[in-house]
Amino acid sequence: MTKYERQGESRKFDPNFKGPIQNRGCTDILCCILFIIALMGYFAVGILAWSQGDPRKVIYPTDSRGQFCGQAGTPLEKKPFLFYFNILKCASPLVLLEFQCPTTQLCVERCPDKHLTLMKAKLGSNEDRQYYQQYCKEAVDFTKSSPEILRDGLCPAMLMPSKAFTRRCLPALGTRKGGVVVVGNETTFDDGQGVSINATDVLEASKKSNVVVEARQVAMRIFEDYTQSWHWILLGLVIAMVISLIFIVLLRFLAGIMVWVMIVLVILVIGYGIFHCYMEFASLKGEPGSDVTIRDLGLQTDFSVYLQIRQTWLAFMIILAIVELIIILLLIFLRKRLLIAIALIKEASRAVGHVMSSLFYPLLTFALLAVVIAYWAITAVFLSTSNEQVYKVFNNSECAYARQTCDPKTFNTSNISAQCPDAECLFAFYGGETLYHKYLILLQFYNVFLFFWCANFVTALGQVTLAGAYASYYWAFKKPEDIPAYPIFSSLGRALRYHTGSLAFGSLILSMVQVIRVILEYLDQKLKGAQNRFAKFLLSCLKCCFWCLEKCIKFLNRNAYIMIAIYGKNFCTSARDAFFLLMRNIIRVAVLDKVTDFLLFLGKLLIVGIVGIFSFFFFSGRIKAVEQAAPSLNYYWVPILTVVVGSYLIAHGFFSVYAMCVDTLFLCFLEDLERNDGSAERPYFMSQNLLTLLKKSNEGYKSVD
């Protein structure tokens, strides 16, 4: 295979080429039609889900008859809490299989606040009987004997002090000194049938009845922290936005100085992080309990505990030291390429300065992505709640019909109740036997696939739009006179009018790989308990391969979109041209383009570091001047982490415009070197700084920057 066949033919000089082609035709029409049909199907799935689904199933707890507790406009509107007849049965393994406790569940106005057995209530005062009847089925006849009432499952055998949590009545558990578990200050209970119950057994049953109690407690504390600190978080994000904007403006006028300042500041910020971690590590020396390892400590819901052991700060210090060393080594080895990279960033700064509207384009991308995410989430909720109520037979003694589907309306007159006197027909879960329910999993898969496709399409539209605008800047020989008016709007119009099919094609390829990765992650979760090491190894290899494939496709798509924006060809032709152009300049791509990406990443890292350090000192109360203003929090890392992640996303939004500008100018720069030679007939379009660094010049022309 010849070099021409491997790398394609170099670009030839074209005196009529003045930047992005204006006279172009529609590309990849079949894929455009397929995308429109898929969107119509997506809307149909949404309408079907919204007509069948019921999000109340997520919000409200459900009693044994499948009715919602506390739902407005129903007889149970004033009964918002779910009460379990026998919470101990929730310790059964069936809870994990059926996602339902095999005991009667009732909607009540309030949770019981005292211990009382059915026998004591019947023998006690009228007030006790009325109190107990709140937790029995409707119209229970209290003149019946206690064994009859319990046999028919009309009332619970006992009540115990409970508290409402996630709209469910769970035992009011606590601990005394020495770790003794108590429920309402009692360690043992009479279950109403002459059996003594230990409070520890109640604790285990409570955990099984709601396997996410601990997680929800942490979530509630985190939510409380957000309510206390949301305005400070918002202020931190605004500061991050202002700093990002200042960086962009300074890069416009002082690109070279700012890059070097950015490099030095990143090294200093990470260096300070190492110093701070060392000081914390040293200050904990000799403190009681500070030598406990993270493994010995285990999983704690109070994350501040981890900051009180030396190993945590040692781990932070090692991680920061490794990052610092990597950055310094990269800067040393790439020092000769930094000057050209800085010149490319300067050129990008000028382009952004002349196309200022490009800085606000990410807002459109963000809004479109928000719509896509919202539609996917709402459709997923409606699809997951569009099942019907399924009832099953629950029993205490041996029964041939156990766990079989039943109908609560006819259950008492059926053979099952005659053969199994203690059996009950209780609500188990939501499902269905109709054609719609059988293919519900496929509709969920379609929802996920279209989510990826639409999200990737929105991202691709933004890349093509920005690439077209910046290409218009580069190929304008006299800047800014030759730059067309409203380059962003012109580029967006061309992308939507002519290249919807090409964008859909590239997005489809990427979405297929992403969906395969989701499936592999799902299989990985399912096989975690498996003992087949070969299957685990194979799955890990597949995950790694598809991760690499996704990164490669993203890189190729990005450059293909740039070529589409410039020449208006279809996706495959543009991808091939971009690939061969990069292959013909593989050394510049591997070094120069990646160096600029690295420098822009340092800019994002610096912004996140500055905002993160100040938020850490503020929320941890270490700034004495504003110590009183800092909110009182359960976990002060919650607002800090939120501000850090939000700052990175904001900085990424601003710098992504720069990154797209750099990539576009880089491809244009490579084509400029192939098309032109600097003569009077074929002058270079690049800036004077790039010409000087490359030791080239335009004969008979004076570059206008």
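Just so you know, these numbers come straight off a predicted model, no measurement behind them.

(A) Fine view of the environment of leucine 307. Relative to the elements of secondary structure, leucine 307 occurs in the loop between helix H10 (294-297) and helix H11 (310-333). Given the relative accessible area of 23%, leucine 307 is considered partly exposed. A sequence separation of 26 residues divides leucine 307 from phenylalanine 281, and the C-alpha atoms of the two residues are 9.7 Å apart. With residues near it in sequence (within four places) discarded, leucine 307 still touches Leu284, Thr312, Trp313, Phe316 and Tyr636.

(B) Here's a closer look at the state of the cysteines. Applying the stated rule across the entire model yields 3 disulfides. Shown here is the disulfide that connects cysteine 111 with cysteine 169, its sulfur atoms set 2.1 Å apart. An S-S torsion of about -85° defines the bridge between cysteine 111 and cysteine 169 as left-handed. Here the residue cysteine 111 occupies a position in the loop between strand E2 (105-108) and strand E3 (116-117), and cysteine 169 occupies one in strand E6 (residues 168-171), the gap between them amounting to 58 residues. Neither cysteine 111 nor cysteine 169 differs from the other in exposure class; each is buried.

(C) Fine view of helix H20 (residues 571-584). Helix length check: H20, at 14 residues, gives a terminal C-alpha distance of 20 Å against a target of 20 Å (1.5 Å per residue), a fit within 8%. Buried residues dominate H20, accounting for 10 of its 14 residues. The opening residue of H20, the one whose side-chain oxygen lies 3.3 Å from the backbone nitrogen of cysteine 572, is asparagine 570.

(D) Local environment of the pattern of salt bridges. If you walk through the whole model with that rule in mind, you get 7 salt bridges. Ionic pairing is found between arginine 517 and glutamate 550, a salt bridge with its closest N-O pair at 2.5 Å. You can see arginine 517 sitting in helix H18 (residues 500-526) and its partner glutamate 550 sitting in helix H19 (residues 533-567), a full 33 residues away along the chain. Under the relative-accessibility criterion, glutamate 550 is labelled buried at 6%.

(E) Spatial organisation of the nonpolar core. One finds Phe247, Val259, Trp453, Tyr470, Tyr474, Leu599 and Tyr658 to be the most contacted residues of the largest nonpolar core, which totals 108 residues. One finds Leu106, Tyr131, Tyr135 and Ile149 within the second-largest nonpolar core, a separate group that totals 19 residues.

(F) Layout of the side chain of asparagine 456. Within the element layout of this structure, asparagine 456 appears in helix H16 (residues 440-474). For asparagine 456, the side chain forms a polar contact with the side chain of glutamine 514, separated by 2.8 Å. Not counting residues within four places of it along the chain, the set of residues in contact with asparagine 456 comprises Ser507, Leu510, Ser511 and Gln514.

(G) Region of the structure containing unusual backbone geometry. Residue aspartate 28 is not a glycine yet carries a positive backbone phi of 50°. Topologically, aspartate 28 is positioned in the loop between helix H1 (3-7) and helix H2 (29-52). For tyrosine 486, which is not a glycine, the phi torsion comes out positive at approximately 50°. Looking at the element boundaries, tyrosine 486 is found in the loop between H16 and helix H17 (487-498).

(H) Up close: the packing of H16 against H17. For the pair H16 and H17, the least separation of the axes is 8 Å and the interaxial angle reads 130°. Compared by their axis directions, H16 and H17 come out oblique. The way H16 lies across H17 gives a crossing that is right-handed. Residues Leu461, Val464, Thr465, Leu466, Gly468, Ala469 and Ser472 of H16 touch H17, and the partners they reach there are Pro487, Ile488, Ser491, Leu492, Arg494, Ala495 and Leu496. Residue classes in the contact of H16 with H17 are distributed as 9 nonpolar, 4 polar and 1 charged.

(I) The arrangement of the packing of aromatic side chains in detail. All told, the structure shown has 23 aromatic pairs when counted by the stated rule. For the ring pair tyrosine 131 and tyrosine 135, a centre distance of 5.7 Å and an interplane angle of 65° mean the geometry is edge-to-face. Judged by its relative accessible area of 10%, tyrosine 131 falls in the buried class. Residue class for tyrosine 135 comes out buried when judged on its relative accessible area of 0%. On the numbers, 5.9 Å between centres and 55° between planes, the contact of phenylalanine 579 with phenylalanine 580 is tilted. Each member of the aromatic cluster is reached from another via a ring pair, and the members are Tyr42, Phe43, Trp50, Tyr375, Phe382 and Tyr446. The residue whose ring lies beneath lysine 114 is tyrosine 131, and the NZ or CZ to ring-centre distance is 4.5 Å.

(J) Region of the structure containing the UniProt feature "transmembrane region" (unreviewed entry) in the protein chain. The UniProt feature table records "transmembrane region" (unreviewed entry) at residues 29-50, 230-250, 257-275, 313-334, 355-378, 450-477, 598-621 and 633-655. Secondary structure across residues 257-275 comprises 100% helix and 0% strand; the distance between its end C-alpha atoms is 27 Å.

(K) Region of interest: H19. Given a rise of 1.5 Å per residue, 35 residues ought to cover 51 Å, and the 51 Å separating the end C-alpha atoms of H19 matches this to within 8%. Positive backbone phi, approximately 75°, marks glycine 568, located one or two places after H19.

(L) Region of interest: the environment of glutamine 311. Mapped onto the fold, glutamine 311 is located in helix H11. Taking the relative accessible area as the measure of exposure, glutamine 311 reaches 33% and is therefore partly exposed. Spatially, the C-alpha atoms of glutamine 311 and phenylalanine 281 are 7.9 Å apart, while their sequence positions differ by 30 residues.

(M) Focus on the packing of H2 against helix H13 (residues 361-384). For the pair H2 and H13, the least separation of the axes is 8 Å and the interaxial angle reads 45°. It follows that H2 is oblique to H13 by the angle criterion. Crossing of H2 against H13: the hand is left-handed. On the side of H2, the interface is formed by Tyr42, Phe43, Val45, Gly46, Ala49 and Trp50, while H13 contributes Tyr375, Trp376, Ile378, Thr379, Phe382 and Leu383. Taken together, the residues of the contact of H2 with H13 sort by class into 10 nonpolar, 2 polar and no charged.

Conventions and cut-offs
Residues take numbers from 1 onward in each chain, read along the sequence in its written order. Confidence filtering applies because this is a predicted model: local features only for residues at pLDDT of at least 70, side-chain atom pairs given and counted only at 80 or more, and all residues used for totals across whole chains, interfaces and linings. Computation of side-chain values: all heavy atoms of the structure, hydrogens and water removed. Only runs of H or I of at least four residues qualify as helices and only runs of E of at least two qualify as strands under DSSP, and these elements are numbered from the N terminus. Whether a residue is buried, partly exposed or exposed follows from its accessible area with a 1.4 Å probe, protein chains only, as a fraction of its type maximum: under 20%, in between, or over 50%, in that order. Here, two residues are considered to be in contact whenever any of their heavy atoms come within 4.5 Å of each other. Cysteine sulfur atoms that pair up within 2.5 Å are treated as a disulfide. Take the residue count of a helix, subtract one, and multiply by 1.5 Å to get its expected span. For the purposes of these results, a polar contact is taken to be a pair of N or O atoms within 3.5 Å, where, inside protein, one atom must be able to donate a hydrogen and its partner to accept one; residues adjacent in sequence count only when each atom of the pair is a side-chain atom. Here, a salt bridge means any side-chain nitrogen of Lys or Arg that lies within 4 Å of a carboxyl oxygen of Asp or Glu. Residues belong to one nonpolar core when they are buried, are Ala, Val, Leu, Ile, Met, Phe, Trp, Tyr or Cys, and are joined through side-chain atoms within 4.5 Å. Whenever a helix is involved, its axis is fitted only over the stretch in contact; in every case the axis is a line through C-alpha atoms, and angles between N-to-C directions fall within 0 to 180 degrees. With respect to orientation, any angle under 35 degrees is reported as roughly parallel, any angle over 145 as roughly antiparallel, any angle of 65 to 115 as roughly perpendicular, and every other angle as oblique. Should the near helix be turned counterclockwise from the far one by less than a right angle, the crossing is left-handed, whereas a clockwise turn marks it as right-handed. When residues are grouped by polarity, Ala, Val, Leu, Ile, Met, Phe, Trp, Tyr, Cys and Pro land in nonpolar, Asp, Glu, Lys and Arg in charged, and all others, Gly among them, in polar. A pair of aromatic rings is counted whenever rings of Phe, Tyr or Trp (Trp by its six-membered ring) have centres within 6.5 Å, and the orientation is called stacked for planes under 30 degrees apart, edge-to-face for over 60 and tilted otherwise. Over a ring means this: the NZ of a Lys or the CZ of an Arg is within 6 Å of the ring centre and within 35 degrees of the ring normal. UniProt positions are given in the numbering used here, feature names are shortened, and annotations may be inferred rather than shown by experiment.

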